[in-house]
Amino acid sequence: MPNASSWSASSPLLLLWEDSSGTRIFLSLLYAVLAISGTLSNVMVIYLVFSFKKLQTTSNAFIVNGCAADLSVCALWMPQEAVLGLLPPNSSSLRSAEYRLLRGGLLGLGLTVSLASHLLVAFNRYVLITKLPSVYQALYQRKHTGCMIGLSWALALLPVPLLPGLWTLGSAQSDGSSRYTALLLALAVLGQTALLLHCYLGIVRRVRGSAKRVSVLNFHLLHQLPFPAAPPPPRRAQRRLSSVSVLLLCCVFLLGTQPLVWVSLLGFFLRPAPPALQAASWLLLCSLSALNPLLYTWRSEEFRRAARSVLPRGEGPAA
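Definitions and cut-offs
- Residues numbered from 1 in each chain as written.
- Predicted model: local features only at pLDDT ≥ 70, side-chain atom pairs only at ≥ 80, totals over all residues.
- Heavy atoms only, no water.
- Helix = DSSP H or I, 4+ residues; strand = E, 2+ residues; numbered from the N terminus.
- Buried < 20%, exposed > 50% of the residue type's maximum accessible area, 1.4 Å probe, protein only.
- Contact = heavy atoms within 4.5 Å.
- Areas by Shrake-Rupley, 256 points an atom, 1.4 Å probe, with all protein chains shown as cover.
- UniProt positions renumbered as here; feature names shortened; annotations may be inferred.
- pLDDT = per-residue confidence, 0-100.
- Core = buried A, V, L, I, M, F, W, Y, C linked by side-chain atoms within 4.5 Å.
- Patch = residues over 30% accessible without salt bridge, like charges linked within 9 Å, V, L, I, M, F, W, Y side chains within 5 Å.
- Salt bridge = Lys/Arg side-chain N within 4 Å of Asp/Glu carboxyl O.
- 1 Å grid on protein atoms, 1.4 Å probe; cavity = no way out; pocket = protein on both sides within 12 Å on 5 of 7 lines; lining within 4 Å.
- Points joined across faces, edges and corners; volume = space filled by probe spheres on them.
- Nonpolar A, V, L, I, M, F, W, Y, C, P; charged D, E, K, R; others polar.
- Phe/Tyr/Trp six-rings, centres within 6.5 Å; stacked < 30°, edge-to-face > 60°.

## Focus: the overall build of the protein
Within the protein one finds eleven helices and zero strands. Helices (α) and strands (β) of the protein occur, in sequence order from the N terminus, as α-α-α-α-α-α-α-α-α-α-α. By residue count, 48% of the 319 residues in the protein fall in the buried class. Taking the intrachain contacts of the protein between residues at least 6 apart in sequence as the baseline, contacts between residues at least 24 apart amount to 74%. For the protein, the accessible surface area stands at approximately 15,500 Å², while carbon and sulfur atoms represent 69% of it.

## Some details on the side chain of Asn60
Structurally, Asn60 can be placed in helix α2 (residues 58-84). For Asn60, a relative accessible area of 9% corresponds to the buried category. When sequence neighbours within four positions are dropped, the list of residues in contact with Asn60 reads Val49, Leu55 and Phe303.

## Some thoughts on the UniProt feature "transmembrane region" (unreviewed entry) in the protein
Mapped onto this numbering, the UniProt entry annotates "transmembrane region" (unreviewed entry) at residues 25-50, 62-80, 100-123, 144-162, 182-203, 244-270 and 276-298. Within the segment residues 276-298, helix and strand shares are 96% and 0% respectively, and the terminal C-alpha atoms sit 32 Å apart.

## Here's the deal with the confidence of the model for the protein
When pLDDT is averaged along the protein, the result is 75; 72% of the residues meet or exceed 70. By mean pLDDT, the top-scoring element of the protein is α2 (91), and the lowest-scoring one is helix α8 (residues 211-216) (45). Confidence drops under a pLDDT of 50 for residues 211-241, and excluding neighbours within four residues, the segment shows 64 contacts in the predicted structure. Overall, residues 314-319 carries pLDDT values under 50, and its contacts beyond four positions in sequence, including any with other chains, amount to four contacts.

## A short note on the nonpolar core
Ranked by size, the top nonpolar core spans 60 residues in total, and within it Trp77, Met78, Leu107, Tyr200, Trp282 and Tyr296 carry the most contacts. Of the residues forming this core, the biggest block, eleven residues, is contributed by helix α4 (residues 97-130). Excluding its chain neighbours within four sequence positions, the residues that come into contact with Met78 are Tyr31, Leu34, Ala35, Val73 and Cys286.

## Section: the environment of Leu87
Among the secondary structure elements, Leu87 is positioned in the loop between α2 and α3 (92-95). Classification of Leu87 by relative accessible area gives partly exposed; the value is 29%. Taking the C-alpha atoms as reference, Leu87 lies 9.3 Å from Arg24; in sequence the two are 63 residues apart.

## Let's talk about a nonpolar patch on the surface
Together, Met44, Tyr47, Val310 and Leu311 make up an exposed nonpolar region whose accessible area comes to about 330 Å². Structurally, Leu311 is set in the segment after α11 (301-310). Judged by its relative accessible area of 44%, Leu311 falls in the partly exposed class.

## Digging into empty space enclosed by the protein
Within this structure, the stated rule accounts for three cavities of 30 Å³ or more. Considering only enclosed or pocket space, the largest cavity measures out at about 80 Å³ in volume. Within the residue set of the lining of the largest cavity, elements represented by two or more residues are α2, α4 and α10 (275-297). No other element matches α2, which puts five residues into the lining of the largest cavity. When the residues that make up the lining of the largest cavity are grouped by side-chain class, the tally is six nonpolar, five polar and one charged.

## A few points about the packing of aromatic side chains
Overall, the coordinates contain three aromatic pairs when judged by the stated rule. Here the aromatic rings of Tyr31 and Trp77 are separated by 5.4 Å at their centres, their planes lie at 85 degrees, and the arrangement is edge-to-face. With Tyr31 in helix α1 (residues 21-51) and Trp77 in helix α2, the pair connects residues that are 46 residues apart, well separated along the chain. Across this residue pair, the class does not change: Tyr31 and Trp77 are buried. Summarising the aromatic geometry, the rings of Tyr136 and Tyr140 are spaced 5.1 Å apart at their centres and angled 35 degrees between planes, so their arrangement reads as tilted. On the accessibility criterion, Tyr140 (7% relative accessible area) is buried.

Structure, rendered in structure tokens:
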């Protein structure tokens, strides 16, 4: 019988072998819902950005990069988990080392590039708001932007072979490798989170302290922050809305990433957390792949207008 430290490898749903069929069916349905909604939302954002010239900005290029990575999780990895969760625990598909390697690679590649894209978006907006226009234009030339996107994928390919250590069976050797792999993952996410919070909190301080400087730069601040609004409200309300929007984005990101970080650190330095808590932390992290497109676009008037124009009712008088 697998012990608690082998929770992550014992099934494709990150649960123990002896979990009830009802739990496995419920998680399979949850993965199916996340897969469908995440695939549709990511594909929609990519399509809108490529179809409408107004949306083809540097910040949106990084958002599209994240959507492409999230498709690796939502369209390729989650459907497999939904199907495999309905198979009996002794199925040969669950025990295949090669198949676990493929699934772990898809998950690792998608999550790594997605998290890197979050950081690229945050840094882009930080430079846009806090630096001079000349600095922003020099840093974010087309070739530099392409290099940043390519580097995010290149760096993501390096740790992919390590991730299947989280999925191996609970032998003494695999326990040690999976613990160190989990620690490496936790430290990487923790460092990325610290940089992202530094960027967004720097934006909040600048917006609250000097809205006049932003207007002098001739940048529409609310159309660059995660939740733009149109028409723009008065300056004081504008600053308040911008700050709340950025803080809301940070809270959602922390809710999705930090449980896995602290569960992994707890398992490495003290003792493994309960299997249900470990599974829940993984699900929260993976669910970000379905939520990311909404986090960056659902309050953007440009995205909403573009979406209305391609939907069937977008041809009516209102359009």
